[in-house]
Amino acid sequence: MNGPTIAADRDGVIAVPALVRGTLVTPPAIGKGEIEAAFAAVDREQTGGDPKTRVRLHEAWVLREPVLDRASMRATGAWQYQVMPAVTPLEVIEDDLDALAAGLYELEFAEVVRYVEGLQQAYGDDADLLQQVKAWVRATSEAPDPYVDAGLAMFPVMLAASVAETMVDTDLATWEIPGRRFLDGWVEVPGTVYPAPVHMIHAQHLPPIAGYDAADATPRLRALPTRQLHITAGNSPLVPLASLLRALWTKSAATIKLPYGATLAGAYLALLAARTFPDHPLTRHLSVLYWPGGDEQFEAPLFLPGRYDRIVVWGAPGSVLSVRERAAFTKTVTFNPRYGVSLIGREAFDDLPQAVGRAVCDTLIQSQKACIASQIHYLEADQAGAERYAAALRDELGRWDGFAPAALSRSQQGQIRRMKRGSFLGATWFENRAGGEYHSAVAVMPQEFNITEHPMCRLIVVRPVASLEDALRFLHPGVATAGVYPEPRRRELAVRIGARGVSNVPPLGQAGYTYPGMPHDGMLVLSELVDWKTS
Amino acid sequence: MSDHHAEIRTIHLQLTTLAMRWAMSGSVNEDYARELRFAAIRANHRHYWDNIPIYRRLADQAEVPREADTAQIAAEMMSTDHIFKSYPQEYLDNHDYGAMNRWLRQVYDRPVNADVAGAASIDDWLGRLNAAAIHTVFSSGTSGHISFVPRDAYTWSQLTGLGVSYIPLFQMRQGAARSWERAASRAAARMLGPDGFGEFFRRRGLRGFDGIFLSFSGGTQGTQVVGQTLARMVGRATFLFDLDLSATVVRALVRGPADERERRLSDAFLEATVRRRADNFRRVLAALRESAAARRRTLVFGAPFMIKEFCEWLVAEGDEIALRPGSMLSHGGGWKSFEGDRIDEPAFLALVEQSLGIRPERVTEGYSMTEAQVVFPRCREGRFHVPPITETVIFDEALEPLTGDDIYGGLGFLDPYAACYPGFIITGDNVRRRSGGCPCGMSGVTISDIGRATGREVKGCGGIMAAMQG
């Protein structure tokens, strides 16, 4: 196919175009030799810590990601390089509000549906490129291959017209009116209009004004699109996709920051958009690109008041806090770092394999990196029961290690060792190890611990409790999901769990379930991304 | 005295003599020093293995026998500082100090029999331990989860006395003393040996100084203990906070007061520290002026963020003061929770000189940990020197020991002087460690480029003081 594309040179250096307000910007050609020399220079200057992941060369950002051996999930020592254009912040900022009001904002929602359907159709049309992108993603992803494949397989599903329609019709619904109508124009709503005190005072002291009566007023609502800046996280390739779709569904002008570790899938979608709908208003007001997170020079202009109407941040506590501080005058929607837990009643021992199978599914969502993945299992059992359960968990994790081996990085290996020699010295460990390295582990922990120590990779902490009610004190708004077993206990505890700030209380094994219209972190997100206008 | 104590005290005496020689001459016989350190580490390992339950649990987990060599101990038997806060929080929440005694026994080499009947607060408990000759230093991180490190009388004497035997000699070699003082101290060190010199320095070394301590006059938090120890050596001591740094209050400030009593204590503490800070600064300024007027030299001590705050206050008030030539400033504890307030070393030194008139070469710093007896003094090249009396280990991210003359990673140490609790500690700091001497002229190992490892809690004074920022 002609035109800009994602392509590797003969040395494997991948050139990744950026989409800048509808235009694909290709990076300069930079040879592997120059790239390696640049990284060698920064490596020499570094006294320690993790290796640098990027350098700026010419007018481009060059990222390097370690290539992993897919069988062992260990770094091979080789790097995969991506070159992306370094654009200036002013190139992505939308400042012609009248043009937006007259163009993108007046687009019919049906046109949005046609657009995403077109992307869905295009996805995979260039099968060679899609296969190549998958191969590049697989080469460096810390997620096991089955997760990479399943994640990319979700793209066409999420691009479905029915998903767009359901999301908009539910998230933006009010007065029992489907959401798309509010996106498409002013909608009269059957509200009773009350005058303000000023009108009462007026009525007491002055003659009526003709045609000026609250009883005659007609309330109207509209969900106006916005200018959105999405700063996404790299814990899943679905994160940039979710951000992109939310912007499209709400007919909004958007800048999507691709995160290190998940650039290629997002760049592929941007490429599809530019190729399939080059002159479409949704494309012309869309930017998808990489810049280093926290780069003051790039981000400060974006965070100025009036530059965006919404800033959406996914990520680590430091990133979220930093954006909140720097963009104090722009409405910010944050997806804070959260984690999942499981509450498992003693009934689990009636059918231990079933309970364990469900619990591991809740744990291994996105290979335990998703914010809804269960990290701690509160189990109604004594120590002996907890150890029996933990042994079964270890065996189940071992099976997953076989068909979906995870990459426990060296620092995650070190963190488990640190835990065993410190805060978890009193724990009883059940491990799957080979060659001195952890593949997965379960720790039965007799006392509370600091969740920030958890490496969130193939480690389950089992906390025995006398009663599931005893586990309630460990729940708080930092817990996204609490899967409960068995069902009667879930129904009994659901409101009490929710009252503690937990967003999702599914049956055990269903923490990863999702559906169009499902709230995210307690929010109907599309409703947060539009501006509700009245007239 | 047990066999272990007799053996370890003999080695300690030899090590401390070595430290003094190193501080005076800049070098020692490295092989001999290593031999002594390793002997102490092996002896402590055996003692811990026999007597400290949590250490034995780790040994069983790692399948390390009683007789182990230092390499195996370094690879398998070093623990994180979490072991000193491995008690369930409900013990403190419920004021169950009997349970805290039983927990403390897990990290201590003998029964903890302190009478806790009627103890109503952490401070009460610490007081009862102290009465039972278990001197317990506490440290709080940003989570408010307090760690407790117990010491018997002998180890406590090392904590408060070991540094005196070599740090003054080190600092003098770096130029932080008059030439005649340096000569006199060297002569005294040679004649008197470790104990005698320590005693000499305690009695005479700082007697000509007035001390200004930008810290608390009481309480057993690590940095505060250093200040209190120095305060006993100077001619006249003035503390910025003339009250105890109470563990009860520290926990209440970080975690929130549990009851009305804790609320009252916290309020009173904040009133005395935060709300009356300007009053306290004025009182300290008056003491500084008095010393200057009396033509007495001054030793200023504190954590860097507190020194910076005080110096900036002096400048803002137009109250800069020129202390008598020969005055000194000593700081420790790092910036920690005040990383955002950090200023670089030249700016810090310039601020100190502008506001107090203390010359850069008379500003000293030490690096240590709550769990260690040995302090690493900083040289004029900005490196912290590891005295030849303690063993450092640098870990990679997978917690495997690294080797090399210039390496970066997580810092661990095996403190030969930790005779009664597990002193083989993996810290939360990342450092650059270099061997083979320093441009300042000292031999041996140095550390620099200190940073907190990702995800590790900020501990020590910084963690506590952050909670006091109104």
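All values derive from a computational prediction rather than experimental measurement.

A. Spotlight on the pairing of strand 4 (residues 209–218) of chain B. Residue and element names in this part refer to chain B. In terms of residue burial, strand 4 counts as a mostly covered element, since nine of its 10 residues are buried. As defined by bridge partners, strand 4 adjoins strand 5 (residues 236–244) across six bridges and the pair is classed as parallel. Pairing of Ile 212 across the sheet is with Thr 238, part of strand 5. With helix 10 (residues 222–231) bridging strand 4 and the parallel strand 5, this β-α-β connection has right-handed handedness.

B. Focus on the interface of chain A and chain B. Taken together, the contact between chain A and chain B spans 19 residues of the former and 28 residues of the latter. Both faces considered, chain A and chain B share a buried interface measuring about 2200 Å² in area, 50% of it formed by carbon and sulfur atoms. Its largest share of buried area at the contact with chain B, chain A owes to Arg 418, Arg 421 and Leu 425 of chain A, together 37% of the area lost on that side. Here chain A is connected to chain B by three salt bridges. With a closest N to O distance of 2.4 Å, Arg 410 of chain A and Asp 396 of chain B form a salt bridge. Applying the counting criterion to the chain A and chain B interface returns eight residue pairs in polar contact (both at pLDDT 80 or more). Residue composition of the side of chain A that touches chain B, by class: one nonpolar, 10 polar and eight charged.

C. Representation of the environment of Gly 333 of chain B. Inspection of the secondary structure puts Gly 333 of chain B in the loop between strand 7 (328–332) and helix 15 (345–356). For Gly 333 of chain B and Asp 449 of chain B, which are 116 residues apart along the polypeptide, the C-alpha to C-alpha distance reads 15 Å.

D. View of unusual backbone geometry. At the junction of Tyr 485 of chain A and Pro 486 of chain A, the peptide bond is cis and its omega measures out at -5° in the coordinates. Here Pro 486 of chain A is to be found in the loop between strand 20 (479–485) and helix 18 (487–499). Located in the positive-phi region is Lys 251 of chain A, a residue other than glycine, with phi close to 55°. Its relative accessible area of 0% is what places Lys 251 of chain A among the buried residues. Here Ala 133 of chain B, not a glycine, exhibits a phi torsion of approximately 65°, which is positive. By the element assignment, Ala 133 of chain B lies in the loop between helix 7 (122–131) and strand 2 (135–140).

E. Looking closely at the sheet that holds strand 18 (residues 437–444) of chain A. Residue and element names in this part refer to chain A. With mixed pairing, six strands are arranged side by side in an open sheet as 17-18-19-16-15-20. Looking at the sheet topology across the chains shown, the edges are occupied by strand 17 (428–434) and strand 20. Within the sheet, the average angular offset between the axes of one strand and its neighbour, ignoring direction, is 15°. In this sheet, strand 19 (residues 459–465) lies alongside strand 18 in parallel orientation, the contact comprising four bridges. Bridging across to strand 19, Ala 443 finds its partner in Val 461.

F. View of the confidence of the model for chain B. Summing up the model confidence of chain B, the mean pLDDT is 89 and the portion of residues at 70 or higher is 94%. Every residue in residues 458–470 of chain B scores below 50 in pLDDT, and together they form 57 contacts with partners more than four places removed in sequence or on other chains.

G. Representation of the pattern of salt bridges. The final tally for this structure, using the stated rule, is 59 salt bridges over all chains. The partner of Arg 399 of chain A in a salt bridge is Glu 396 of chain A, and the shortest N-O contact between them spans 3.0 Å. Placement of both Arg 399 of chain A and Glu 396 of chain A in helix 15 (residues 383–403) is noted, with a separation of three residues, approximately one turn of the helix. What makes Glu 396 of chain A buried here is its relative accessible area of 17%. Of the charged contacts, one joins Arg 289 of chain B and Asp 319 of chain B as a salt bridge, the two residues approaching to 2.9 Å between their closest N and O atoms. A residue pair is termed long-range when its members are at least 10 positions apart, and Arg 289 of chain B in helix 13 (residues 277–293) and Asp 319 of chain B in the loop between helix 14 (304–316) and strand 7 qualify at 30 residues. One continuous salt-bridge network, built from bridges that share partners, spans Glu 7, Arg 46, Asp 50, Arg 66 and Glu 67 of chain B.

H. Structural view of the domain arrangement of chain A. Residues and elements named next belong to chain A. The domain boundaries assigned to chain A delineate domain 1 (88–170 + 225–335) and domain 2 (339–499). With centres defined by C-alpha atoms, the gap from domain 1 to domain 2 works out at 33 Å. At the junction of the two partners, domain 1 supplies eight residues and domain 2 supplies 13 residues. Between domain 1 and domain 2 lies a buried interface of about 810 Å² when both sides are counted; carbon and sulfur atoms form 53% of it. Between the two partners, domain 1 and domain 2, sit zero salt bridges. Our enumeration of links across domain 1 and domain 2 arrives at one residue pair in polar contact (both at pLDDT 80 or more). Broken down by class, the residue content of the side of domain 1 that touches domain 2 amounts to five nonpolar, two polar and one charged.

I. Fine view of the nonpolar core. Counting residues in each nonpolar core, the largest one holds 141 residues, and the members touching the most others are Trp 125, Phe 148 and Leu 356 of chain B. The biggest single contributor to this core is helix 1 (residues 3–25) of chain B, with nine residues. If we skip the residues at most four places from it in the chain, Trp 125 of chain B touches Tyr 97, Met 100, Asn 101, Leu 104, Val 116, Ala 119 and Phe 148 of chain B. One finds Val 116, Ile 177, Leu 271 and Ala 391 of chain A within the second-largest nonpolar core, a separate group that totals 128 residues.

Criteria and thresholds
- Residues numbered from 1 in each chain as written.
- Chains lettered and ligands numbered in written order.
- Predicted model: local features only at pLDDT ≥ 70, side-chain atom pairs only at ≥ 80, totals over all residues.
- Heavy atoms only, no water.
- Buried < 20%, exposed > 50% of the residue type's maximum accessible area, 1.4 Å probe, protein only.
- Helix = DSSP H or I, 4+ residues; strand = E, 2+ residues; numbered from the N terminus.
- Pairing = 2+ DSSP bridges.
- Right-handed = clockwise from strand over helix to strand, strands pointing away.
- Contact = heavy atoms within 4.5 Å.
- Buried area = accessible area lost by both parts, 1.4 Å probe.
- Salt bridge = Lys/Arg side-chain N within 4 Å of Asp/Glu carboxyl O.
- Polar contact = N/O pair within 3.5 Å; in protein donor to acceptor, adjacent residues only side chain to side chain.
- Nonpolar A, V, L, I, M, F, W, Y, C, P; charged D, E, K, R; others polar.
- Axes fitted to C-alpha atoms, helices over the stretch in contact; angles between N-to-C directions.
- pLDDT = per-residue confidence, 0-100.
- Domains from an automatic or database assignment.
- Core = buried A, V, L, I, M, F, W, Y, C linked by side-chain atoms within 4.5 Å.

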